[in-house]
Amino acid sequence: MLHYLLKRSASLLATLLVASLIVFVVIEVVPGDPASYMLGMNAQPDTIAALRTELGLDESRVARYLSWVSGMVQGDFGRSYTYRTPVAEMVAERLWISLPLASYALVLSTLLAFPAGIWAASRRGGIADTAVMGFTQLGIAIPNFWFALLLVLLFAVNLGWFTAGGFSGWQSGIFAGLKSLTLPAVSLALPQAAILTRVMRSSLLDVLNEDFMRTARAKGLSSRQAMLRHALRNAMIPVLTIMGLQFSFLIAGAIIIENVFFLPGLGRLIFQSIAQRDLIVVESVIMLLVFAVVMVTFLIDLAYAWVDPRLRQQRR
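Residues numbered from 1 in each chain as written. Predicted model: local features only at pLDDT ≥ 70, side-chain atom pairs only at ≥ 80, totals over all residues. Heavy atoms only, no water.

## Digging into unusual backbone geometry
And then number 1: Of note in the backbone geometry, Phe262 takes a positive phi value of approximately 55° without being a glycine.
And then number 2: Along the chain, Phe262 falls in the loop between α11 (236–260) and α12 (266–275). (Helix = DSSP H or I, 4+ residues; strand = E, 2+ residues; numbered from the N terminus.)

This is the structure:
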């Protein structure tokens, strides 16, 4: 197991290194000078040159890349060109919104998908199965930002149960903060719940046709007992894969939702930084998202060994 952990850790570091190169190169080739953009069209050349020196833009790209990577390793993401504040502070402030939002949406999608997938698989070919598959197809087809607008129209404008946007802050209490994130979380969770339901159903149907399930039934277990004790655990590997990918998609997909609901999270920060040509913020936040994706994938891979003992035996 130690050899496997070391191997996966080396793969994680290599992935982060390649990702940092790609992110830096892609953002650096974007046309336009951040200093000229910040000072406006009527800025004098000497003023632009002074600002470029202050921001470190006059250095070579190799030096800037090495400085950026070494700073991230030490926890220093640089300073924002626009706000003149450390990027780490900006990210820390907004992470307390984006991370709970993604976690909230993942919990909602899981709570919706697991019972729906199990119910549909246990009633294969019936009316319940057809209804669940129809709703999941609808959930996949509806864009989450359009669904978000419908939620605002119904629950905020007409019923007045929630606010149309903004974040009350965690200092107002956990309940007030979760209430502000409920509509965004629901709009993010619906498409993911639809996908997860279909994966759960398909995986369960594959397991239910295995010989060991017929053996379990022959030993006297009811359909429900065989489903919960044997089928569900064996069907979890593809479901765990989708859940890991979904958490990454939820963090990245919050860019649109946070702008719809005016939430001051990482997604809105990326959107504003791109519009203001604040390259250091864009690079750092994207690398943070890449790190989150890689770490979630790593943890999901470890969860495989816990769910399926055969993988532990192969590694030994």
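## What about the nonpolar core?
And then number 1: With 63 residues, the main nonpolar core has Trp68 and Val239 as its most contacted residues.
And then number 2: If you list the elements that add at least two residues to this core, you get α1 (2–28), α4 (61–73), α5 (87–122), α7 (144–158), α8 (174–208), α11, α12 and α13 (279–307).
And then number 3: Tallying contributions element by element places α5 first for this core, with twelve residues.
And then number 4: Inspection of this core shows a minimum of three residues originating in each of domain 1 (33–76) and domain 2 (93–312).
And then number 5: Setting aside residues no more than four positions away along its own chain, Trp68 makes contact with Ser20, Val23, Phe24, Ile280, Glu283, Ser284 and Met287. (Core = buried A, V, L, I, M, F, W, Y, C linked by side-chain atoms within 4.5 Å. Buried < 20%, exposed > 50% of the residue type's maximum accessible area, 1.4 Å probe, protein only. Domains from an automatic or database assignment. Contact = heavy atoms within 4.5 Å.)

## Remarks on the packing of α5 against helix α6 (residues 127–141)
And then number 1: Running from N to C, α5 and α6 point in directions that differ by 140°, and their axes come no closer than 8 Å. In terms of orientation, α5 lies oblique with respect to α6. For the pair α5 and α6, the crossing hand works out as left-handed. Judged by residue contacts, Ala116, Trp119 and Ala120 of α5 engage Ala128, Asp129, Val132 and Met133 from α6.
And then number 2: Looking at the contact of α5 with α6 residue by residue, the class counts come to six nonpolar, no polar and one charged. (Axes fitted to C-alpha atoms, helices over the stretch in contact; angles between N-to-C directions. Parallel < 35°, antiparallel > 145°, perpendicular 65-115°, else oblique. Left-handed = near helix turned anticlockwise from the far one by under 90°. Nonpolar A, V, L, I, M, F, W, Y, C, P; charged D, E, K, R; others polar.)

## Comments concerning the UniProt feature "transmembrane region" (unreviewed entry) in the protein
And then number 1: Following the UniProt record, the feature "transmembrane region" (unreviewed entry) maps to residues 12–31, 101–121, 142–162, 174–196, 235–257 and 285–307 here.
And then number 2: Secondary structure content for residues 101–121 is 100% helix and 0% strand, while the C-alpha to C-alpha distance between its ends is 30 Å.
And then number 3: Annotated as residues 174–196, this span is 100% helix and 0% strand, and its ends, taken at the C-alpha atoms, are 28 Å apart. (UniProt positions renumbered as here; feature names shortened; annotations may be inferred.)

## Describing α8
And then number 1: For α8, with 35 residues, the first-to-last C-alpha span of 42 Å runs short of the 51 Å given by 1.5 Å per residue.
And then number 2: At Thr182, α8 shows its strongest bend, of approximately 40°, with the proline Pro184 following within four residues. (Expected span 1.5 Å × (residues − 1). Bend = angle between axes of the 7 residues up to and from the residue.)

## Structural notes on the packing of α5 against α8
And then number 1: Two elements in contact, α5 and α8, have axes separated by 5 Å at closest approach and are oriented at 35°. Two packed elements cross with a definite hand, and for α5 against α8 that hand is right-handed.
And then number 2: Taken together, the residues of the contact of α5 with α8 sort by class into 26 nonpolar, six polar and one charged.

## What about the side chain of Ser20?
And then number 1: With respect to the element layout, Ser20 can be found in helix α1.
And then number 2: Engagement of the side chain of Ser20 in a polar contact is seen with the side chain of Tyr65, the distance being 2.8 Å.
And then number 3: Those residues within four positions of Ser20 in sequence are excluded, and the remaining contacts are Tyr65, Trp68, Val69 and Met287. (Polar contact = N/O pair within 3.5 Å; in protein donor to acceptor, adjacent residues only side chain to side chain.)

## With respect to the packing of aromatic side chains
And then number 1: The tally for this structure, following the rule as stated, stands at three aromatic pairs.
And then number 2: Geometrically, the ring pair formed by Phe155 and Trp161 is tilted, given 5.8 Å between the ring centres and 40° between the ring planes.
And then number 3: Its relative accessible area of 52% is what places Trp161 among the exposed residues.
And then number 4: Three or more aromatic residues joined by ring pairs form one cluster here, namely Phe155, Trp161 and Phe162. (Phe/Tyr/Trp six-rings, centres within 6.5 Å; stacked < 30°, edge-to-face > 60°.)

## Some details on the confidence of the model for the protein
And then number 1: Per-chain confidence: the protein averages 76 in pLDDT, with 78% of residues scoring 70 or above.
And then number 2: Taken element by element, the protein is modelled with least confidence in helix α14 (residues 309–315), mean pLDDT 53, and with most confidence in α5, mean pLDDT 84. (pLDDT = per-residue confidence, 0-100.)

## Description of the environment of Glu258
And then number 1: Position of Glu258 among the secondary structure elements: in helix α11.
And then number 2: Put simply, Glu258 and Leu101 are 157 residues apart on the chain and 9.5 Å apart in space, counted from C-alpha to C-alpha.
And then number 3: Apart from residues no more than four positions distant in its own chain, Glu258 is found in contact with Ser98, Leu101, Leu263, Gly265, Leu266, Gly267 and Arg268.

## Looking at a nonpolar patch on the surface
And then number 1: A grouping of Phe145, Trp146, Leu150 and Ile256 is seen on the molecular surface, where their side chains present a nonpolar patch of about 380 Å² in accessible area.
And then number 2: If you tally residues by element for the nonpolar patch, the top one is α7, at three residues.
And then number 3: Along the chain, the position of Trp146 falls in helix α7. (Patch = residues over 30% accessible without salt bridge, like charges linked within 9 Å, V, L, I, M, F, W, Y side chains within 5 Å. Areas by Shrake-Rupley, 256 points an atom, 1.4 Å probe, with all protein chains shown as cover. Salt bridge = Lys/Arg side-chain N within 4 Å of Asp/Glu carboxyl O.)

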